[in-house]
Amino acid sequence: MDLSTLRKTAREELKGYCRVCPVCDGRACAGEAPGMGGMGTGSAFKVNVEALSRVRLAMRTLHSVKEADTSLTLFGRALSMPILAAPLTGVVYNMGGRLTEAEFIRRMIDGAAAAGTIGCCGDGADPAMFDSGLAAISARDGHGIPFVKPRGQAAVLALLARAAETGAAAVGMDVDGAGLAVMALKGQPVSPKSPEELKACSQATPLPFIVKGIMTPDEAEIAFAAGAAAIVVSNHGGRVLDHTPGAAEVLPAIARAVKGRGVILVDGGVRSGADVLKYLALGADAVLVGRPLVVGAFGGGAEGVAFLLEKMRAELKAAMLLTGTASVGRVSPSILS
Ligand SMILES: Cc1cc2nc3c(=O)[nH]c(=O)nc-3n(C[C@H](O)[C@H](O)[C@H](O)COP(=O)(O)O)c2cc1C
């Protein structure tokens, strides 16, 4: 597997829905949602990348850290790296439809597992989205994390129960999907969740419960008070509300408010191992990667996904050595410049 062949194949297979740009920064695809872009002006996607690029690493090489350990345990699973495959759905209207939903998510879940980490799957108006994700996770003995949309309570509880049957590592809800008009148009309305409703969801599942789409410290508090095991600080890759800040801008205050209450995940704009280290230094325990892995899945299948994850892990390891960071559990804010 080599990067240029992978990217060339992906560019053909994605049929222009994703241009496979040198840096995936949301500029070429601004406004393309459906598609791979950020909604509206595309600003909420672009600012994820910009905010992360403004964070600088302090280089230090006069120390005794000669090996960097990228492994960690998350939701009881030993992982090779603090990098998860983000939930992504809508292969037909977002990615051009060259793959089926089932084939795409199988590549993501299998590719993440092959790299020693874990993949997530999502939910959408077409039942094939959630069903295919669960099938891919079941085929991996539960090594994956499904995310349900904030549907009506009865519908959510039914999907949470099905997720638990797969033996998944955890289950989540992308609460920021609360405004998706396409769900209502297809007769499956979504809406914001009250703290009481969120608590009922987290109590209904035996799995660790993850709340994805937190952008403020007060909502992080609400999520953990409702019994969440983890939050994902995320603006959904800029696809649900234009003009939000970047995840790197809001993460430090959120981490200060809820550090120690549970797992803090983050996503948006992670393009390299150095980006991963920046998010860890800003207060995250691990990150999710979205769009770059679509390129991996279309350009090289499960192997392509694993290849890109391994590449990021190698970059993370190098960045850890050059900042004097021995392990991902011990990332000091002092590595930021
Ligand atoms: C095409 C596409 C589909 C997505 N589908 C879902 C989904 O079904 N559920 C979900 O929680 N997030 C979904 N997301 C958001 C991602 O999980 C993630 O938050 C975002 O892509 C991270 O930003 P990045 O792509 O810059 O890495 C989707 C994002 C994209 C680009």
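Residues numbered from 1 in each chain as written. Predicted model: local features only at pLDDT ≥ 70, side-chain atom pairs only at ≥ 80, totals over all residues. Heavy atoms only, no water.

A.B. asks: Could you give an account of the side chain of Arg 291, naming the residues involved and the relevant values?
C.D. replies: The topology assignment puts Arg 291 in helix 12 (residues 291-321). Of the side chains with opposite charge, Asp 267 lies nearest to the buried Arg 291, which makes no salt bridge, at 7.9 Å. Here Gly 37 takes part through its backbone oxygen, which lies 3.3 Å from a polar atom of the side chain of Arg 291. What Arg 291 contacts, discounting residues up to four positions off in sequence, is Cys 24, Met 36, Gly 37, Gly 38, Phe 45, Gly 237, Arg 239 and Arg 271. (Helix = DSSP H or I, 4+ residues; strand = E, 2+ residues; numbered from the N terminus. Buried < 20%, exposed > 50% of the residue type's maximum accessible area, 1.4 Å probe, protein only. Lys, Arg positive; Asp, Glu negative; His and termini not counted. Salt bridge = Lys/Arg side-chain N within 4 Å of Asp/Glu carboxyl O. Polar contact = N/O pair within 3.5 Å; in protein donor to acceptor, adjacent residues only side chain to side chain. Contact = heavy atoms within 4.5 Å.)

A.B. asks: Now, about the site of the ligand: what can you tell me, with residues and values included?
C.D. replies: Around the ligand lies a shell of 22 residues, among which Pro 87, Thr 89, Asp 267, Arg 271 and Arg 291 are the nearest. Lys 149 is positioned such that a nitrogen or oxygen atom in its side chain is 3.4 Å from a nitrogen atom of the ligand. Here an oxygen atom of the ligand and a side-chain polar atom of Arg 271 are 2.8 Å apart. Bound to the protein, the ligand loses 98% of the 610 Å² it would expose on its own. (Near = heavy atom within 4 Å. Areas by Shrake-Rupley, 256 points an atom, 1.4 Å probe, with all protein chains shown as cover.)

A.B. asks: Go over the pattern of salt bridges with me, naming the residues and quoting the values.
C.D. replies: Oppositely charged side chains are able to pair whenever their charged atoms sit close together. One pass over the structure, following the stated rule, counts 17 salt bridges. Linking Glu 310 and Arg 313 is a salt bridge whose minimum nitrogen-to-oxygen distance equals 3.7 Å. Of this pair, Glu 310 and Arg 313 are both found in helix 12, three residues apart, which corresponds to roughly one turn of the helix. Residue Arg 313 is classed as partly exposed on the basis of its relative accessible area of 24%. Across the salt bridge formed by Lys 311 and Glu 315, the nearest N and O atoms sit 2.9 Å from each other. Taken as a pair, Lys 311 and Glu 315 lie in helix 12 at a separation of four residues, close to a single helical turn. Take Lys 311: its relative accessible area is 33%, and that puts it in the partly exposed class. The exposure class assigned to Glu 315 is partly exposed, which follows from its relative accessible area of 27%. By sharing partners, the salt bridges in this structure join Glu 103, Arg 106, Arg 107, Asp 110 and Arg 140 into a single network.

A.B. asks: Which residues make up empty space enclosed by the protein, and what are the values?
C.D. replies: In the structure shown here, the tally under the stated rule is one cavity of 30 Å³ or more. In this structure, the largest cavity spans a volume of roughly 30 Å³. For the largest cavity, the full set of lining residues is Leu 88, Thr 89, Glu 101, Phe 104, Ile 105, Cys 121, Gly 122, Met 129, Ser 132 and Gly 133. Taken together, the elements giving at least two residues each to the lining of the largest cavity come down to helix 4 (101-114) and helix 5 (127-138). The residue makeup of the lining of the largest cavity, split by class, is five nonpolar, four polar and one charged. (1 Å grid on protein atoms, 1.4 Å probe; cavity = no way out; pocket = protein on both sides within 12 Å on 5 of 7 lines; lining within 4 Å. Points joined across faces, edges and corners; volume = space filled by probe spheres on them. Nonpolar A, V, L, I, M, F, W, Y, C, P; charged D, E, K, R; others polar.)

A.B. asks: Would you mind going over the sheet that holds strand 4 (residues 120-121) in detail, with residue names and values included?
C.D. replies: Strand order in the open sheet formed by eight strands is 3-10-9-8-7-6-5-4, with parallel pairing between adjacent strands. The open sheet has two edge strands, strand 3 (83-85) and strand 4, and neither has a second partner. Of the strand pairs in this sheet, strand 8 (residues 230-233) and strand 9 (residues 263-267) are connected by four bridges, and their pairing is parallel. Across the sheet, the residue bridging to Val 232 is Leu 265, located in strand 9. (Pairing = 2+ DSSP bridges.)

A.B. asks: How would you summarise the packing of helix 1 (residues 3-13) against helix 12 if you had to cite specific residues and measurements?
C.D. replies: The relative placement of two packed helices is expressed as an angle between their axes plus a distance between the axes. Put simply, helix 1 and helix 12 touch, their axes get as near as 9 Å, and they point 145° apart. Between helix 1 and helix 12 the crossing geometry is left-handed. Residues Leu 3, Leu 6, Arg 7, Thr 9, Ala 10 and Glu 13 of helix 1 form the contact with helix 12, whose own contacting residues are Val 295, Gly 296, Phe 298, Gly 299, Gly 300, Gly 304, Phe 307, Leu 308 and Lys 311. Per-class residue counts for the contact of helix 1 with helix 12 are seven nonpolar, five polar and three charged. (Axes fitted to C-alpha atoms, helices over the stretch in contact; angles between N-to-C directions. Left-handed = near helix turned anticlockwise from the far one by under 90°.)

A.B. asks: Pulling in residues and values, what's your account of the layout of surface pockets?
C.D. replies: Here the largest pocket defines a volume of roughly 820 Å³. Lining the largest pocket are 40 residues; nearest its centre among them are Thr 89, Asn 94, Leu 180, His 236 and Arg 239. Among the elements of the structure, helix 3 (91-95), helix 7 (181-185) and strand 10 (286-289) are those that each provide at least two residues to the lining of the largest pocket. For the lining of the largest pocket, the per-class residue count stands at 20 nonpolar, twelve polar and eight charged. Taken as a whole, the second largest pocket holds about 460 Å³ of empty space. Around the second largest pocket sit 26 residues that line it, and Arg 7, Cys 21, Cys 24, Arg 271 and Pro 292 are the ones nearest its centre. Breaking the lining of the second largest pocket down by element, the ones donating at least two residues are helix 1 and helix 12. When grouped by side-chain class, the residues that make up the lining of the second largest pocket number 17 nonpolar, one polar and eight charged.

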